[in-house]
Amino acid sequence: MSSLTEYVRWYSEFSFYEKEFTDVDNLVLCQLAYYTFDLDKFDGEPAPLRRCASKRFQNDSFLQAVIQSRRFGTVKICDAVDVRDSKTSTQFAAITFQLYDNVYYIAFRGTDNTLVGWREDFMISYMKTDAQQRSVKYLGEHITEGNMYYVGGHSKGGNLALYGCCNLDDVRLGRVVRIYNNDGPGLCPEVSDVSLIDRISGRTTQIMPRYSVFGRLFAHDIKDTKIVTSSAENLMQHDIMTWEIKEGKLSLAKDFDPDSAWINAVADKWISDITTEEREKMTRIIFDTYDKDGDTTIEEALATGISGLDVLIKNMYRSDTLKTAAKIPEKVVFGSVFERIRKSRFAQLMKTNELREGIVFILFGVLMLSIPRNALQVIILVLLGGFAVFQLIYTFIALYKSKWNFEREKVRVYILVAAVTLFVLVLVKENAAFIVGSGVGGAWLLVVAYKSFVAAKKNEAHDFIYIIQVVKSVVYACCGIVILLAPLNVMQWVVLALGAIMVLDGIFTVVYTIIKANDRHKIRPKRKPKANKE
C-alpha cells in the first residue's frame, strides 16, 4: 500500500491532460486546502502553487512532493479565503485550484485546531452556520460561465461542499462535474432541507475510512460511497494522510469497521434523543467555559488538564446540561431500553420524583426490617444480579440481530463479562457483598442527605417541610457515615434503625406527594349551561 505522498511522487510526471482527474487527486487538493499560501505578491492573480508555497513548510514531505511534481506544482491557486470570527463562531476557508484550461477544483477546508472551528462543528447540529452560508456565497461568486468545476472538502469541508452545492441555482450547479465529501458529516435534518440532497446525489462521491465516525453523522444515502483502508487506528483514520492508495487508486474495503458501526449506532440514538435546544445549550456551556479562560485552541484547552475539566463539569451541572451528556453512557450500556421504559404508561404515572423516592424508601425499609442482618448484602446482590441478567438478555438479542457478529458486538460482550464477573465476585468471596453493600449504601445515604440539605437551603418559607428537610439531611448523613464505618457484628442494629427511619420517611413522602397532587388538580367548578339561542 502507498500513501498520499507516494501517490503524488508516482504521478508527478503526468499532467491532468495525460492522466484524467481521479478520486485520489481530490484527496490531494483537499489536503492542500489545510495549508496557507503566500498569495499577496501576486495581487489577486492566479499563482502557480510551487511559487506561492510558504517556506515554513520546507520540511513537510507531502507539500514538497506536491511542489516538485509536474501534476500539482503547476496548478494555479486563486480566490483563497480564510475567515475566523469568534463573535459569529465562524471558521471558514476556501480555495480554488485551476487544474488546466477551464477546469477548476474548489476545496473547502475542514476544522482547524481553533476552539472557534470546533464550536462551529457542534453548531451544525442545531443551526445553519455562518460557514455554510459563506459556502453558498463563495460558490455563487466563483462558479462562472464557460468553466467546469469539481467541488469538495474533508471533514467539515465536506459538509460545506454538500451544503453549498445543494443550495446553488440550477445554472451554476450544471457546471459542477462532481462533488466530493471526504468523511464529512451530512446535513442535519432538524436544521436543513435534506431533500435538497436529491439535487446533487447523482454527482456526489462520498469517501470514508473503515473507522468512520464524523462522516457518518447525519449521513445521506449516496450511491457512490467508497470505504477506504487506512494505516491508522480508530479515530485517527479520519486523517486523509492515513488513507491508503493501491496502484494509483483508493484501496477499498468491503465494509466499515464493526467498532465504528457500534459507535455510530450509539451516537445516532443519543442525537435522536436530545432536542436542538439541548444541543445548543451543551455547546454553549462547553465552549464558553474555555473562552472565559482565554483559550483559543484545542491544545490550550487540553493543557488545563483536570482543573479545566473540573470547571467544565461544574458548569454543566449548574446549567443542567450534564444530564444531556449523561445520556451517552446510558446509550452505551442500555441502548434504547430506557427510552422505551420512559415512554410507557407506567412511567407516566411515576414521573413525580418524590413519589418514586417514597416508594423506594418503603421497599428498602421493609427489607431492612425483615432481614436486618443481611439486608445490605441482599440488596447489592439483587441489583448486581438483575443488571447481569439484563445484560445477558440484551447481549443475546444484539448478537442475534447482528447474526452472531461477535466482532461488531464485542463492547456489549465486554460489559456482560464485567457485570457477571462482579456479580460472581460478590456472591462467592467472603464479606465481599457486605463491603460493597455498605459502601454503596453509605454513599447513597450521603447523597440523599446532600439533596435534602440543598432542598432545605432553597426553601425560603422555613415552614414544616423545611424542618423535615433539615432533619432528613442530618439523620441520613449520620446513617451514611455509620453504614460506611460500622463493623459486621453491629450492622444488624444499625440496619434495623435505618429500616424504621426509611419506612416512616417513605410513607410520609408518598402521602404528602399524593395530597399535594390532589391540591393541584382540584375539581373544577361546573360550567354554566349555555344560553339557548332563539
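Residues numbered from 1 in each chain as written. Predicted model: local features only at pLDDT ≥ 70, side-chain atom pairs only at ≥ 80, totals over all residues. Heavy atoms only, no water.

1. Observations regarding the nonpolar core
The test is simple: Throughout this description, the term nonpolar core refers to a set of buried Ala, Val, Leu, Ile, Met, Phe, Trp, Tyr and Cys residues connected via side-chain atoms within 4.5 Å. Buried, partly exposed and exposed residues are distinguished by accessible area as a fraction of the type maximum, computed with a 1.4 Å probe on protein chains only: under 20%, between the cut-offs, and over 50%, respectively. Secondary structure follows DSSP: runs of H or I at least 4 residues long count as helices, runs of E at least 2 residues long count as strands, and numbering of each begins at the N terminus. Should any heavy atoms of two residues lie within 4.5 Å, those residues are considered in contact.
Judged by nonpolar contacts, the single largest core of 44 residues is most densely connected at Val28, Leu32, Phe37, Phe97, Leu99 and Tyr105. Listing elements by their share of this core, those giving two or more residues are helix H1 (4–10), helix H2 (23–32), helix H3 (49–52), helix H4 (61–68), strand S3 (90–100) and strand S4 (103–108). Looking at this core element by element, the count peaks at six residues for H2. Excluding anything up to four places from it in sequence, Phe37 contacts Leu32, Leu49, Cys52, Ala53, Leu63, Ile77 and Ile95.

2. Structural notes on the packing of helix H6 (residues 115–123) against helix H11 (residues 276–292)
The line we're drawing: Axes, fitted as lines to C-alpha atoms, cover a helix only where it is in contact. Angles between the N-to-C directions of the axes lie from 0 to 180 degrees. An angle below 35 degrees is read as roughly parallel, one above 145 as roughly antiparallel, one from 65 to 115 as roughly perpendicular, and any other as oblique. Basically, the charged four are Asp, Glu, Lys and Arg, the nonpolar ten are Ala, Val, Leu, Ile, Met, Phe, Trp, Tyr, Cys and Pro, and anything else, Gly included, counts as polar.
Interhelical geometry of H6 versus H11 gives an angle of 175° and a closest axis separation of 10 Å. If you check the angle between H6 and H11, you find them roughly antiparallel. When H6 is examined against H11, the residues Leu115, Trp118, Arg119 and Phe122 are found in contact with a partner set consisting of Thr283, Arg284, Phe287, Asp288, Tyr290 and Asp291. In terms of residue class, the contact of H6 with H11 is made up of five nonpolar, one polar and four charged.

3. Points about the packing of aromatic side chains
Stated formally: Classification of ring pairs uses Phe, Tyr and Trp, with its six-membered ring standing for Trp, and accepts pairs whose centres are within 6.5 Å; under 30 degrees between planes counts as stacked, over 60 as edge-to-face, and the remaining range as tilted. The criterion is that NZ of a Lys, or CZ of an Arg, lies within 6 Å of the ring centre and within 35 degrees of the ring normal, and then a charge sits over that ring.
In total, this model carries 22 aromatic pairs according to the counting rule given. Look at Phe21 and Tyr150: their rings are 4.2 Å apart centre to centre, the planes differ by 25°, and that puts the pair in the stacked class. Remark: Tyr150 occurs in strand S5 (residues 148–154) and Phe21 occurs in the loop between H1 and H2; sequence separation between them is 129 residues. Judged by its relative accessible area of 15%, Tyr150 falls in the buried class. Here Phe108 and Tyr138 contribute two aromatic rings whose centre-to-centre distance is 6.1 Å and whose plane-to-plane angle is 70°, an arrangement assigned as edge-to-face. Taken together, the residues Phe108 in strand S4 and Tyr138 in helix H7 (residues 130–142) connect sequence positions 30 residues apart. Judged on exposure class, the residue Phe108 and its partner Tyr138 are both buried. Among the aromatic residues, those joined into a ring-pair cluster are Phe16, Tyr17, Phe21, Phe72, Tyr100, Tyr105, Tyr150 and Tyr180. The ring of Phe14 carries Lys19 above its face, with NZ or CZ at 5.1 Å from the centroid.

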